[in-house]
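# Structural overview
As a plain string of letters, each chain reads:
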Amino acid sequence: VGIDLGTTNSLVATVRSGSPEVLSDEDGRALLPSIVRYLPNGHANIGYKAQAHRTTDPKNTIVSVKRFMGRGLKDIAHAENLPYDFVDSPGMVQIKTVAGVKSPVETSAQILATLRQRAEDSLGDELVGAVITVPAYFDDAQRQATKDAGKIAGLDVLRIINEPTAAALAYGLDK
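For the structure given in this document, a descriptive report is provided here. Everything quoted here is computed from the prediction, not taken from an experiment. (Residues numbered from 1 in each chain as written. Predicted model: local features only at pLDDT ≥ 70, side-chain atom pairs only at ≥ 80, totals over all residues. Heavy atoms only, no water.)

## Here's the deal with empty space enclosed by the protein
This model, assessed by the stated rule, comprises one cavity of 30 Å³ or more. The space that makes up the largest cavity amounts to roughly 30 Å³. Partitioned by chemical class, the residues of the lining of the largest cavity number three nonpolar, five polar and one charged. (1 Å grid on protein atoms, 1.4 Å probe; cavity = no way out; pocket = protein on both sides within 12 Å on 5 of 7 lines; lining within 4 Å. Points joined across faces, edges and corners; volume = space filled by probe spheres on them. Nonpolar A, V, L, I, M, F, W, Y, C, P; charged D, E, K, R; others polar.)

In structure tokens, the structure reads:
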């Protein structure tokens, strides 16, 4: 499968019978909001369930986590204006939630795990591998953090590929 781990929304797609196909959830929605809401019992809501709580529980509802991948607190522009309780730790910033301190890698892994489950449900089998797209400006630390998130999500990450490269490959898919 190919996964677009987006800042705002994410999705998963595959090629069936030579044609690319975006895999939808049980409600027919292709997009998954890239949002995770942590709950006091240690569980989390992902996607639309989490999105409903952006304004009512902003400290525990993490949006646009991709911006924090592979970044320290000093790298986050206007961190003081964000609703999160950041923990500046060596290597990568973390976020204090009611379910404990969470890294951007852990949070991204929950989004990726949701997409992995969607793909396995749709395809009727376990995934063999996944390619995950990242912005072209992602540096090595951000790319590695994305790969780590995929592994935590139970994915065999075959490759991390730049979004423009993925677009070029998709354009030439039938050639």
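## Looking at the packing of aromatic side chains
A ring pair, where both rings are aromatic, is described by two values, the distance of the centres and the angle of the planes. Following the criterion strictly, the structure yields four aromatic pairs and no others. Between F68 and Y84, the ring centres sit 6.1 Å apart and the planes meet at 80°, which makes this aromatic pair edge-to-face. Of the two residues, F68 sits in the loop between strand 7 (61–63) and strand 8 (85–87) while Y84 sits in the loop between strand 7 and strand 8, which places them 16 residues apart along the sequence. Assessed through its relative accessible area of 0%, F68 is described here as buried. Given the relative accessible area of 6%, Y84 is considered buried. Between the aromatic rings of Y137 and F138, the centroid separation amounts to 5.7 Å while the plane-to-plane angle is 70°, which identifies the pairing as edge-to-face. Linked through ring pairs, F68, Y84 and F86 together constitute an aromatic cluster. (Phe/Tyr/Trp six-rings, centres within 6.5 Å; stacked < 30°, edge-to-face > 60°. Helix = DSSP H or I, 4+ residues; strand = E, 2+ residues; numbered from the N terminus. Buried < 20%, exposed > 50% of the residue type's maximum accessible area, 1.4 Å probe, protein only.)

## Looking at the sheet that holds strand 5 (residues 35–38)
Strand order across the open sheet formed by three strands is 6-5-7, with antiparallel pairing between neighbours. Two strands in the sheet have a free side with no partner beyond their single neighbour: strand 6 (44–46) and strand 7. Adjacent strand axes in the sheet meet at a mean angle of 20° when their direction is disregarded. Pairing between strand 5 and strand 7: three bridges, direction antiparallel. Across the sheet, V36 pairs through a bridge with I62, a residue of strand 7. Seen against the sheet, helix 2 (residues 104–123) touches strand 5, strand 6 and strand 7 and runs at an angle of roughly 115° to strand 5. (Pairing = 2+ DSSP bridges. Axes fitted to C-alpha atoms, helices over the stretch in contact; angles between N-to-C directions. Contact = heavy atoms within 4.5 Å.)

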